[in-house]
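# What the coordinates show
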There are 2 protein chains.
Amino acid sequence: MAERAIEAVVFDIYGTLFGFGRLAERVRAIVGDLALLEHWRVKQLEHSFLRTILGEYIDFWLLTEEALDAVCAQLELELTAEEREYLLHGWLELEPFPEVRNALELLRERGQRLAVLSNGSPGMLEPLLRHADLDALFEVVLSADAVRRYKPSPAVYALAPAALVVPPEQIAFCSANGFDVAGALRFGFQVCWVNRGSAKLDSLGKQPHFTVHSLLELAEYL
Amino acid sequence: MAERAIEAVVFDIYGTLFGFGRLAERVRAIVGDLALLEHWRVKQLEHSFLRTILGEYIDFWLLTEEALDAVCAQLELELTAEEREYLLHGWLELEPFPEVRNALELLRERGQRLAVLSNGSPGMLEPLLRHADLDALFEVVLSADAVRRYKPSPAVYALAPAALVVPPEQIAFCSANGFDVAGALRFGFQVCWVNRGSAKLDSLGKQPHFTVHSLLELAEYL
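Residues numbered from 1 in each chain as written. Chains lettered and ligands numbered in written order. Predicted model: local features only at pLDDT ≥ 70, side-chain atom pairs only at ≥ 80, totals over all residues. Heavy atoms only, no water.

## Considering the overall build of chain A
- Of regular secondary structure, chain A possesses ten helices and eight strands.
- In terms of overall dimensions, chain A is globule-like: its C-alpha atoms have a radius of gyration of 17 Å, near the 17 Å expected for 222 residues.
- By principal-axis analysis of the C-alpha atoms, chain A measures approximately 55 × 35 × 30 Å.
- Per-residue burial over chain A gives 55% buried out of 222 residues.
- Carbon together with sulfur atoms contributes 49% to the accessible area of chain A, which is approximately 9100 Å² in total.
- Positive and negative side-chain charges of chain A, numbering 20 and 32 respectively, have mean locations separated by a distance of 5 Å. (Helix = DSSP H or I, 4+ residues; strand = E, 2+ residues; numbered from the N terminus. Rg over C-alpha atoms; globule rule 2.2 N^0.38 Å. Buried < 20%, exposed > 50% of the residue type's maximum accessible area, 1.4 Å probe, protein only. Areas by Shrake-Rupley, 256 points an atom, 1.4 Å probe, with all protein chains shown as cover. Lys, Arg positive; Asp, Glu negative; His and termini not counted. Charge placed at Lys NZ, Arg CZ, Asp CG, Glu CD.)

Written out as C-alpha cells, the structure reads:
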C-alpha cells in the first residue's frame with residue numbers, strides 16, 4: 001500500500017473500535033424498539049456537522065444530550081430523567097468489538113504506535129477506554145474538543161500528525177464511518193475503511209487505500 | 001415581532017416554496033415506493049453539509065446526482081440512464097405549494113421586496129421558477145453557488161443583505177427546514193418557520209421569531 005512505511009495507526013472510536021450493542025439493549029429496555037437509537041445516532045452526527053458549519057461548538061456530551069432530546073421530541077417520546085440519564089451513560093460503557101484487543105496488541109507487537117482520534121469529548125473517551133481496559137494500549141487519545149469543531153473538519157485530523165510528530169502519509173487512519181473516511185482521505189492519511197458488515201461505502205467520491213472486515217486484518221497491511 | 005419594520009422577505013426553495021409531490025410521483029413510477037426519495041433528500045443534505053466542512057464544493061446539481069448515485073448504491077438499486085435522468089430532472093419541475101402564488105402577490109401588494117436564497121444552483125433555480133411562472137415575482141434569486149458553500153454557512157445568508165442592501169434584522173427569512181431556520185437565526189434575520197404539517201422543529205436550541213402553517217399567514221406578521 002503506502003510507499004513509505006506506516007509508523008502509527010489512528011482509530012476512530014464510535015462504530016469503529018466500539019459497537020452500539022449494549023446501548024441498543026438499553027434503548028430496547030426502555031422504548032421497546034431500536035428506532036430511537038438509529039435516529040439518535042443520525043441526529044448526533046447531523047448536529048455535529050451543523051454546529052461545525054455554524055461555528056457554534058458544544059462538546060460531544062452536550063451534543064449527544066441535545067440530539068437525544070431533539071429525537072425524543074420528534075418521536076413524541078417522553079423519557080423520565082432516570083431513563084434519559086441511563087441512555088446517555090450508555091455512551092460511557094459501549095462494548096469494544098470482539099477482535100479489538102487482540103488486533104491492537106498485535107499491532108503494538110509489530111511496533112506500531114497507536115492513537116485514538118474521536119469526536120467524543122475527553123470526558124467521554126477516558127471513562128470509555130478505561131471501562132474497556134484498553135486505555136494503556138494507546139499512546140495518545142485525541143479529541144475534536146481540542147479544536148472545538150467536528151470531523152470531517154481538517155482541523156480535527158490535523159491533531160494526529162501534530163501529536164504523533166509523524167506526517168499524515170505515514171499514518172494509517174481507520175474508521176467505519178463514511179464521512180470520516182471521506183475526511184481522512186482528503187486530509188492525506190493512508191485510510192482504512194472498517195466494514196464489518198456488507199455496507200456500501202459513501203466517502204464522497206474518493207476510495208480508501210484499503211478495506212478490512214475485522215481489525216485483525218490490519219496487521220496484514222502494515 | 002420586529003422592532004424595525006421588515007423591508008424584504010427572503011424564501012428558501014426546497015420544501016418551503018416548492019414541494020416534493022411531483023418528484024415523489026416520478027420515484028413511485030420507477031421504484032414503486034418512496035424510500036428512495038426520503039433517502040435521497042437526506043443524503044443530498046448530508047453531502048451539502050460534508051462538502052461545506054471539507055471545503056470541497058460541487059454545485060447542487062452535481063451534488064444531487066452524487067446523492068442519488070450514493071443512495072442507489074446503498075439500496076442496491078440499479079437505474080437505467082433514462083430513469084436516472086428522469087428523476088434528476090424532477091428537481092427542475094417541482095410544484096409550488098398551492099398558496100405560494102397568492103401569498104407572494106399579497107406580500108408584493110403590501111410593498112415587500114421578495115427574494116429567493118437557496119442551495120440550488122442558478123441552473124436549477126431559473127428553470128424551476130420559470131416553469132412555475134413565479135420568476136417575475138422575485139427581485140433577486142440568490143444561490144449558495146456564489147460563495148461555493150452551503151447553508152447553514154453564514155456566508156450563504158450574507159448574500160441576502162448584500163444583494164438587497166437591507167440589514168439582516170429588517171429581512172424576514174422563511175424556511176421549512178430546521179437546519180435553515182437554525183442558520184438564519186444565528187445570522188440575525190427575523191426568521192419564520194414554515195410548518196405545513198405537524199413536524200417538531202429542530203433548530204439547535206434557538207426558536208424562530210414566528211411560525212406559520214401557510215405562507216398566506218405571513219402577511220399577518222409583516
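## Here we look at the sheet that holds strand β1 (residues 8-11) of chain B
All names here are of chain B.
- Here we have six strands laid out as an open sheet, ordered β5-β4-β1-β6-β7-β8, and parallel in their pairing. In the strand order of this sheet, the two ends are held by β5 (140-143) and β8 (210-212), each with one partner. Adjacent strand axes in the sheet meet at a mean angle of 25°, parallel and antiparallel pairs treated alike.
- Taken together, the four bridges between β1 and strand β6 (residues 171-175) define a ladder with parallel strand orientation. Note on β6: the bridge partner recorded for Val9 is Ala172.
- Along the sheet, helix α6 (residues 122-131) makes contact with β4 (113-118) and β5, crossing β5 at roughly 145°. (Pairing = 2+ DSSP bridges. Axes fitted to C-alpha atoms, helices over the stretch in contact; angles between N-to-C directions. Contact = heavy atoms within 4.5 Å.)

## Comments concerning the relation of the copies chain A and chain B
- The transformation that overlays chain A on chain B combines an axial shift of 0.0 Å with a rotation of 180°, and the residual RMSD is 0.0 Å. Taken together, the rotation and translation describe the operation of a two-fold axis. (Least-squares fit on C-alpha atoms with pLDDT ≥ 70 in both.)

## Observations concerning the domain arrangement of chain A
Residues and elements named next belong to chain A.
- Here the domain parsing of chain A yields domain 1 (8-19 + 95-221) and domain 2 (21-92).
- Distance between the C-alpha centres of domain 1 and domain 2: 22 Å.
- At the interface, 21 residues of domain 1 touch 16 residues of domain 2.
- Contact with domain 2 buries surface across domain 1, with Glu95, Met124 and Tyr150 losing the most and accounting together for 41% of the total.
- For the pair domain 1 and domain 2, the number of links is six residue pairs in polar contact (both at pLDDT 80 or more). (Domains from an automatic or database assignment. Buried area = accessible area lost by both parts, 1.4 Å probe. Polar contact = N/O pair within 3.5 Å; in protein donor to acceptor, adjacent residues only side chain to side chain.)

## Quick word on the packing of aromatic side chains
- Applying the stated criterion across every chain, the model contains 28 aromatic pairs over all chains.
- Centroid distance Tyr14(B) to Trp91(B): 5.2 Å. Interplanar angle 80°. Geometry classified as edge-to-face. Within this pair, whereas Tyr14(B) is found in the loop between β1 and β2 (18-19), its partner Trp91(B) is found in the loop between α4 (81-89) and β3 (95-96), the two being separated by 77 residues in sequence. Side by side, Tyr14(B) and Trp91(B) carry an identical accessibility label, which is buried.
- Plain terms: the ring middles of Tyr157(B) and Phe187(B) are 6.2 Å apart, the flat faces sit at 35° to each other, and that makes the pair tilted. Here Tyr157(B) is found in helix α7 (residues 154-157), whereas its partner Phe187(B) is found in helix α9 (residues 178-187), with 30 residues between them in sequence.
- What links up through ring pairs into an aromatic cluster is the set Tyr14(A), Phe20(A), Trp40(A), Tyr57(A), Phe60(A), Trp91(A) and Tyr150(A).
- The ring of Tyr86(B) is capped by Arg26(B), whose NZ or CZ atom sits 4.4 Å from the centre of that ring. (Phe/Tyr/Trp six-rings, centres within 6.5 Å; stacked < 30°, edge-to-face > 60°. Lys NZ or Arg CZ within 6 Å of the ring centre and 35° of its normal.)

## What about the sheet that holds strand β5 (residues 140-143) of chain A?
All names here are of chain A.
- Strand order in the open sheet made by the six strands is β5-β4-β1-β6-β7-β8, with parallel pairing throughout. Each of the sheet's edge strands pairs with one partner strand only, and the pair in question is β5 and β8 (210-212). Direction aside, neighbouring strands of the sheet carry axes that sit 25° apart on average.
- Of the pairings in the sheet, the one linking strand β7 (residues 190-194) to β8 comprises three bridges and is parallel in character.

## Some details on the interface of chain A and chain B
- With 26 residues of chain A at the contact, the number on the chain B side is 26 residues.
- Contact with chain B buries surface across chain A, with Ile53(A), Leu54(A) and Leu204(A) losing the most and accounting together for 29% of the total.
- The shortest N-O distance in the salt bridge between Arg186(A) and Glu56(B) comes to 2.6 Å.
- Applying the counting criterion to the chain A and chain B interface returns twelve residue pairs in polar contact (both at pLDDT 80 or more).
- Looking at the side of chain A that touches chain B, the elements with two or more residues in it are α2 (35-54), α3 (60-74) and α9 (178-187) of chain A.
- Here the side of chain A that touches chain B gets nine residues from one element, more than from any other, and that element is α2(A).
- In terms of residue class, the side of chain A that touches chain B is made up of eleven nonpolar, five polar and ten charged. (Salt bridge = Lys/Arg side-chain N within 4 Å of Asp/Glu carboxyl O. Nonpolar A, V, L, I, M, F, W, Y, C, P; charged D, E, K, R; others polar.)

## A look at the pairing of strand β7 (residues 190-194) of chain B
Residues and elements named next belong to chain B.
- Along β7, five of the five residues are buried, which leaves the element largely enclosed by surrounding structure.
- Because side chains alternate across β7, one face comprises the buried residues Gln190, Cys192 and Val194, and the other comprises Val191 and Trp193, equally buried.
- Strand direction decides the pairing type here: β6 and β7, joined by four bridges, are parallel. Directly across from Cys174, in β7, lies its bridge partner Cys192.
- In this region the chain leaves β6, passes through α9 and returns to the parallel neighbour β7; the handedness of that crossover is right-handed. (Right-handed = clockwise from strand over helix to strand, strands pointing away.)

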